[in-house]
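# Examination of the molecular architecture
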Amino acid sequence: MTPAPPKPDGPPVTVEALCVRLPAKADNPAALAPVVERRSLTRGANELLVEIKAAAVNPSDVKAATGLMPYAVFPRTPGRDYAGFVIDGPADWIGRGVFGSSGDLGIRRDGSHATHLVVETEAVVEKPKNISWEEAAGIGVPFVTAMEGLRRAGMPKSHETVLVMGVNGKVGQAAAQIASWHGARVIGVVRKSEPYAGHVNGKVEMIDASVTDVAARARELTDGKGADIVFNTVGDPYFQAAHQSLALRGRQILIAAIDRIVPFNILEFYRGQHTYVGIDTLGLSSIATGAVLRELGPGFASGHLKPFPIQPTAIFSLQQAKAAFLAVASSSRDRVILRPA
């Protein structure tokens, strides 16, 4: 059957959006001085105009606001993650609930901390009906980072073991969910004695790094083999333990660093036939990010993947943007959300 042709666009509409604006770089989070301004927004060709129902605040939003990303532009509207419904664009899209994320939104161009957003049609993903606006807005960066890492390293198989360092962080939880969705065994590493905090499709065995040699315990749990994939969400503090935990032809995924330089045993690297994968989702366009989210969509629709629970105390208005940024800067474990309404 030949698919019906898309309905033609109507003439673009213009809205007066309320937008959080960062007028200039701040020296530190406490010095942030966001303001809420009115700005006229109109979509272009191949774009949608989305009315934002919820938008997340990520650590990268804070870093960009405080000068840690030299390519961030000022003034701008921050915000990488969002959920809302389409109010202008191709007729087939109008009224649909959507969500999305991006590496450039809110950093190199105006983002989602606003009542409205203009974004490419290919960037958005239809929101599953079983999750709320706030939950959909919270999916973005953590799940895209986890999924992109596992895609690049090779999606784990049912006979493989995935060791997630920093498993109770948001990216760590997303990685554990995706790995278990694909049937892999998951072992989590934490810096103190605590249970796994998130959703998962099976058991997560935990290693307390404060009292245990992580690599030795990982090999003990895998009968000496080691982990097929180590998803290192922390970076250099766990680099050596991750390296020593890898199985033959194991893959280590790296997404963060505190100190940039680490000792590296080249002999062990090539004799182990290891692969190291670096992930920087800030390098993904909105359209590329949308492609990653579309791969995750069936998992959320089926319930194998679950969004992070959103606490009422972690929801802020646009006028409370500074408080939201400070909550993220203080390493809150909550997924912090801006709700424009």
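One structure accompanies this document, and this report is about it. (Residues numbered from 1 in each chain as written. Predicted model: local features only at pLDDT ≥ 70, side-chain atom pairs only at ≥ 80, totals over all residues. Heavy atoms only, no water.)

### Comments concerning the packing of aromatic side chains
Just so we agree on the cut-off: The aromatic pairing rule takes the rings of Phe, Tyr and Trp, using the six-membered ring of Trp, and pairs them if the centres are within 6.5 Å, calling planes under 30 degrees apart stacked, those over 60 edge-to-face and the rest tilted. Strands are runs of DSSP state E lasting at least two residues, helices are runs of H or I lasting at least four, and both sets are numbered from the N terminus onward. When a residue's accessible area, from a 1.4 Å probe over protein chains only, is under 20% of the maximum for its type it is buried; when over 50% it is exposed; and in between it is partly exposed.
Overall, the coordinates contain eight aromatic pairs when judged by the stated rule. Between phenylalanine 239 and phenylalanine 264, the ring centres sit 6.3 Å apart and the planes meet at 50°, which makes this aromatic pair tilted. Taken together, the residues phenylalanine 239 in helix α6 (residues 239-245) and phenylalanine 264 in the loop between β12 (246-254) and α7 (266-271) connect sequence positions 25 residues apart. For phenylalanine 239, a relative accessible area of 7% gives the class buried. By relative accessible area, phenylalanine 264 is classed as partly exposed at 37%. Ring centres of phenylalanine 264 and tyrosine 276 lie 5.7 Å apart, and the angle between their planes is 75°; on these two criteria the pair is classed as edge-to-face.

### With respect to the sheet that holds strand β13 (residues 275-278)
Note the following rule: The criterion for strand pairing is that DSSP finds at least two bridges linking the strands in question. Lines fitted to C-alpha atoms define the axes, with helix axes restricted to the stretch in contact, and inter-axis angles between N-to-C directions lie between 0 and 180 degrees. Whether two residues are in contact is decided by their heavy atoms: any pair within 4.5 Å suffices.
Here six strands make up an open sheet; going across it, the order is β10-β9-β8-β11-β12-β13 and the pairing parallel. Bordering the open sheet on either side are β10 (204-208) and β13, each of which pairs with just one other strand. The sheet shows a mean angle of 20° between the axes of neighbouring strands, taken without regard to direction. Strand direction decides the pairing type here: strand β11 (residues 227-232) and β12, joined by five bridges, are parallel. When the bridges of β12 are listed, phenylalanine 231 appears paired with isoleucine 253. Set on the sheet, helix α4 (residues 170-181) makes contact with β8 (161-165), β9 (185-190) and β11; between it and β8 the angle comes to about 170°. The sheet strands contacting helix α5 (residues 214-221) are β8, β9, β10 and β12, and the helix crosses β10 at an angle near 150°.

### Considering the side chain of aspartate 88
This is how it is decided: Distance and chemistry together define a polar contact, namely a pair of N or O atoms within 3.5 Å, with one atom able to donate a hydrogen and the other to accept it when in protein, and with adjacent residues in sequence counting only for side-chain atoms on both sides.
Inspection of the secondary structure assignment puts aspartate 88 in strand β4 (residues 82-88). In this structure aspartate 88 comes out as buried when scored by relative accessible area, which is 5%. Within the structure, the side chain of aspartate 88 is placed 2.9 Å from the side chain of arginine 43, a separation counted as a polar contact. Among residues more than four places away in sequence, those in contact with aspartate 88 are Pro11, Pro12, Val13, Arg43, Glu47, Leu48, Leu49 and Ile94.

### Section: the pattern of salt bridges
Rules: A side-chain nitrogen of Lys or Arg and a carboxyl oxygen of Asp or Glu constitute a salt bridge if their distance falls within 4 Å.
Evaluated as defined, the whole model comprises 15 salt bridges. The closest approach of N and O atoms between aspartate 104 and arginine 109, which form a salt bridge, is 3.6 Å. On the accessibility criterion, aspartate 104 (18% relative accessible area) is buried. The shortest N-O distance in the salt bridge between arginine 251 and glutamate 160 comes to 3.0 Å. One end of the pair, arginine 251, is in strand β12; the other, glutamate 160, is in the loop between α3 (140-153) and β8, with 91 residues separating them in the sequence. Just as arginine 251 is buried, glutamate 160 falls in that class too. One continuous salt-bridge network, built from bridges that share partners, spans Arg21, Glu37 and Asp110.

### Let's talk about the environment of glutamate 220
Position of glutamate 220 among the secondary structure elements: in helix α5. For glutamate 220, a relative accessible area of 54% translates into the label exposed. When the C-alpha atoms of glutamate 220 and histidine 304 are compared, they prove to be 29 Å apart, with 84 residues separating the residues in sequence.

### Considerations on unusual backbone geometry
Of the consecutive residues phenylalanine 74 and proline 75, the connecting peptide bond is found in the cis state with omega at -10°. Inspection of the secondary structure puts proline 75 in the loop between α1 (59-65) and β4. Even without being glycine, asparagine 46 reaches a positive phi, approximately 60°. Since its relative accessible area comes to 63%, asparagine 46 is described here as exposed. Positive phi is not limited to glycine here, since serine 331 has a value of about 65°. Of note, serine 331 is situated in the loop between α9 (321-329) and β15 (337-338). A residue is classified by how much of its surface remains accessible, and serine 331, at 60% relative accessible area, is exposed.

### Points about the packing of α3 against α4
Rules: In these notes the angle categories are as follows: under 35 degrees is roughly parallel, over 145 is roughly antiparallel, 65 to 115 is roughly perpendicular, and the rest is oblique. Left-handed is the label given to a crossing in which the near helix is rotated counterclockwise from the far helix by less than a right angle, and right-handed is the label when the rotation is clockwise. Gly falls in the polar group here, along with every residue not listed as nonpolar (Ala, Val, Leu, Ile, Met, Phe, Trp, Tyr, Cys, Pro) or charged (Asp, Glu, Lys, Arg).
Interaxial distance between α3 and α4 falls to 8 Å at its minimum, and their mutual angle equals 50°. Viewed along their axes, α3 and α4 adopt a mutual orientation that is oblique. As α3 packs across α4, the resulting crossing turns out to be right-handed. Touching Pro142, Phe143, Thr145, Ala146, Met147 and Leu150 of α3 are Lys170, Val171, Ala174, Ala175, Gln177, Ile178 and Ala179, all from α4. Per-class residue counts for the contact of α3 with α4 are 10 nonpolar, two polar and one charged.

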